[in-house]
Amino acid sequence: MNASTAGFGPGLRYGFLINPVSGSGRGRRVHDQLPSILEGLGLERSAWMMELTASKGVPEQARRILAECDRLVVAGGDGTIGQALEGLRLSGRADAALGVIPLGTGNDLARELRLLQVFQRKGLRSLVAALLEDHISPLDLWDVGGRAVLANYLSFGSDGWITEVFGRSRDLSGARHSTLGIKFGYARAGLGSLARHLPQSFRIRAHLADGSILERSLGGHRALLALNVGSYASGILRPVRTRADDGLLTLMSIPHLWNYPVLVATSSFPKLQGFFQRRMLPSWQATAFEA
């Protein structure tokens with residue numbers, strides 16, 4: 001299916017959904033600053049509503065807000081935004097759109113939409129003003145086994161295992177982490193995954209963009225990535241053929257452990273990384289796949 005991510009224009013009602021703990025508590029500061037920013041931008045109080053995310057039930061919160069508002073702005077990380085997009089899907093509103101105030105560690109969707117750059121360089125007020133201009137960008141949403149919606153990417157193998165281990169340790173600790181602390185936590189989980197790889201029985205079956213069917217074993221590879229946006233892991237990987245609105249997923253295999261440090265080393269050199277991707281990382285454009 002297709003959703004929209006957008007800024008916001010005159011005559012619309014806006015709902016702001018804010019994760020208060022995102023960005024080491026920056027979400028709470030965004031919550032406190034937004035009313036004066038919106039007033040300064042000339043938005044009447046009757047034209048917007050705002051609430052904090054609950055510990056569970058973000059999709060339902062987003063769906064409920066979209067029953068009252070034309071647009072939804074989510075302040076949080078990629079996880080919060082993904083849950084809100086599920087709420088947008090459940091709302092059934094083809095005219096609805098979602099904007100992003102990026103407060104997470106990766107912020108890959110905001111990076112894809114060029115919103116992260118505005119936020120980092122010019123601050124919250126400039127980002128909100130840019131969102132109010134109502135520039136619409138279509139975004140593909142993918143069904144994951146009827147249980148979830150995929151907007152950014154999905155990982156199998158060591159990448160997925162690292163995320164699972166880090167998420168479990170974070171939930172058990174119940175602590176808030178700085179962005180640096182979160183990155184350190186991922187690195188520590190990564191060190192524990194050095195021996196991890198896809199099982200020998202791991203296979204994919206994909207419907208490719210040219211109409212053909214791909215069936216391939218990836219047993220022994222480090223990971224398989226299903227990418228919907230052109231930024232992965234805070235921009236460490238920038239898949240060269242990936243667009244968020246073309247109805248295609250990029251399936252990319254990471255065959256070897258040494259591929260990861262090469263991706264990190266080339267992340268600031270797009271042409272060099274593109275050369276590396278084409279030569280070393282098998283990839284396919286797919287309309288659907290099973291693994």
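Please refer to the structure placed before this passage.
About the thresholds
Residues take numbers from 1 onward in each chain, read along the sequence in its written order. Local features are withheld for residues below a pLDDT of 70 in this predicted model, meaning they are given only at 70 or higher, and side-chain atom pairs are given and counted only at 80 or more; totals for whole chains, interfaces and linings count all residues. Calculated side-chain values reflect all of the structure's heavy atoms, with hydrogen atoms and water omitted. Secondary structure counts use DSSP, requiring at least four H or I residues in a row for a helix and at least two E residues in a row for a strand, with both numbered from the N terminus. Each residue gets one of three labels from its accessible area relative to the maximum for its type: buried under 20%, exposed over 50%, partly exposed in between, using a 1.4 Å probe on protein chains only. Note on contacts: a residue pair is in contact if any heavy atoms of the two residues lie within 4.5 Å. Method for areas: the Shrake-Rupley scheme with a 1.4 Å probe, in which residue coverage is limited to the protein chains shown. Pairing between strands is defined by DSSP: at least two bridges between the two strands are required. Clockwise travel from the first strand over the helix to the second, with the strands pointing away from the viewer, marks a crossover as right-handed. Interaxial angle, 0 to 180 degrees, is taken between N-to-C directions of lines fitted to C-alpha atoms, where a helix line uses only the stretch in contact. The set of buried Ala, Val, Leu, Ile, Met, Phe, Trp, Tyr and Cys residues whose side-chain atoms join them within 4.5 Å is what this entry labels a nonpolar core. The rule is short: rings of Phe, Tyr and Trp, with Trp giving its six-membered ring, pair when the centres are within 6.5 Å, and they are stacked under 30 degrees, edge-to-face over 60, tilted in between. In this scheme, the term charge over a ring applies when either NZ of a lysine or CZ of an arginine sits within 6 Å of the ring centre and within 35 degrees of the ring normal. Each patch groups residues whose relative accessible area exceeds 30% and which form no salt bridge, using 9 Å between like charges and 5 Å between nonpolar side chains of Val, Leu, Ile, Met, Phe, Trp and Tyr. What makes a salt bridge here is a side-chain nitrogen of Lys or Arg within 4 Å of a carboxyl oxygen of Asp or Glu, nothing more. Here the angle decides the label: under 35 degrees means roughly parallel, over 145 means roughly antiparallel, 65 to 115 means roughly perpendicular, and every other value means oblique. Crossings are sorted by hand: turned counterclockwise from the far helix by less than a right angle, the near helix makes the crossing left-handed, and turned clockwise it makes it right-handed. Asp, Glu, Lys and Arg are counted as charged, while Ala, Val, Leu, Ile, Met, Phe, Trp, Tyr, Cys and Pro are counted as nonpolar; the rest, among them Gly, fall into the polar class.

Caption draft 1: Here's a closer look at the overall build of the protein. Helix and strand counts for the protein stand at 10 helices and 14 strands. In the protein, buried positions account for 46% of the 291 residues. For the protein, long-range pairs separated by at least 24 residues make up 72% of all intrachain contacts whose partners lie at least 6 apart in sequence. Carbon and sulfur atoms provide 53% of the accessible area of the protein, an area that totals close to 14200 Å².

Caption draft 2: A look at the pairing of strand β5 (residues 97-102). For β5, the buried fraction is high: 6 of the 6 residues fall into the buried class. Two elements, strand β4 (residues 71-76) and β5, share 6 bridges in a ladder whose sense is parallel. The partner of Leu72 across the bridge, within β5, is Leu98. The parallel pair β4 and β5, bridged by helix α3 (residues 78-91), forms a crossover whose chirality is right-handed.

Caption draft 3: Here's a closer look at the environment of Ser155. For Ser155, the location among the structural elements is in strand β9 (residues 153-157). For Ser155, a relative accessible area of 21% puts it in the partly exposed group. On a C-alpha basis, the gap between Ser155 and Met252 in space is 9.7 Å, while along the polypeptide they are 97 residues apart.

Caption draft 4: Fine view of the sheet that holds strand β14 (residues 283-290). Reading across from one edge, β9-β12-β13-β14-β10-β11 is the order of the 6 strands in this open sheet, with antiparallel pairing throughout. Where the open sheet ends on each side, the last strands, each with one partner, are β9 and β11 (213-217). Going across the sheet, the axis of each strand differs from the next one's by a mean of 40°, ignoring polarity. Here strand β10 (residues 203-208) runs beside β11; their pairing, made up of 5 bridges, is antiparallel. Paired with Ile204 across the strands is Arg216, a residue of β11.

Caption draft 5: Up close: the nonpolar core. Within the largest apolar cluster, 46 residues are counted, with the highest numbers of intra-cluster contacts made by Val30, Leu72, Leu85, Leu98, Ile101 and Val128. With residues up to four places along the chain from it excluded, the contact list for Leu85 reads Leu98, Leu109, Leu139, Leu141, Val149 and Ala151. Leu198, Leu218, Leu251 and Trp284 belong to the second largest nonpolar core, which has 12 residues in total.

Caption draft 6: Region of interest: the packing of aromatic side chains. Per the stated rule, a full pass over the model turns up 5 aromatic pairs. With a centroid separation of 4.5 Å and 65° between ring planes, the pair formed by Tyr153 and Tyr232 is classed as edge-to-face. One end of the pair, Tyr153, is in strand β9; the other, Tyr232, is in the loop between β12 (223-227) and β13 (249-254), with 79 residues separating them in the sequence. Owing to a relative accessible area of 10%, Tyr232 belongs among the buried residues under this scheme. Through pairs of rings, three or more aromatic residues link up here, namely Phe156, Phe202 and Phe289. One residue, Arg45, lies across the ring of Trp48, its end atom 3.7 Å from the ring centre.

Caption draft 7: Here's a closer look at a nonpolar patch on the surface. Taken together, the side chains of Phe269, Leu272 and Phe275 define a hydrophobic patch exposed on the protein surface, amounting to about 310 Å² of accessible area. By the secondary structure assignment, Phe269 is in the loop between α9 (259-266) and α10 (270-280).

Caption draft 8: Just the packing of helix α2 (residues 58-68) against α3, in detail. Where α2 meets α3, the closest approach of the two axes is 7 Å, and the angle between their N-to-C directions is 50°. Between α2 and α3, the interaxial angle falls into the category oblique. Read as a crossing pair, α2 and α3 show a hand that is right-handed. Within the contact between the two elements, α2 uses Val58, Pro59, Ala62, Arg63 and Leu66 and α3 uses Thr80, Gln83, Ala84, Glu86, Gly87, Leu88, Leu90 and Ser91. For the contact of α2 with α3, the per-class residue count stands at 7 nonpolar, 4 polar and 2 charged.

Caption draft 9: Seen up close, the packing of helix α1 (residues 22-40) against helix α6 (residues 124-131). Interhelical geometry of α1 versus α6 gives an angle of 55° and a closest axis separation of 10 Å. When the axis of α1 is compared with that of α6, the two are oblique. Along this stretch, α1 crosses α6, giving a crossing that reads as right-handed. Of α6, the residues touching α1 (which contributes Val30, Gln33, Leu34, Ile37, Leu38 and Gly40) are Leu124, Arg125 and Val128. Of the residues belonging to the contact of α1 with α6, the class tally is 6 nonpolar, 2 polar and 1 charged.

Caption draft 10: A look at unusual backbone geometry. A positive phi is found at Asn107, a non-glycine position, where the angle reads about 55°. Inspection of the secondary structure puts Asn107 in the loop between β5 and α4 (108-112). The phi torsion at Ala233 lies on the positive side, around 55°, for a residue other than glycine. By the secondary structure assignment, Ala233 is in the loop between β12 and β13. Residue Ala233 is classed as partly exposed on the basis of its relative accessible area, which comes to 29%.

Caption draft 11: Region of the structure containing the side chain of Thr266. Note on placement: Thr266 falls in helix α9. Thr266 has contacts with Leu272 and Gln273, leaving out every residue within four places of it along the chain.

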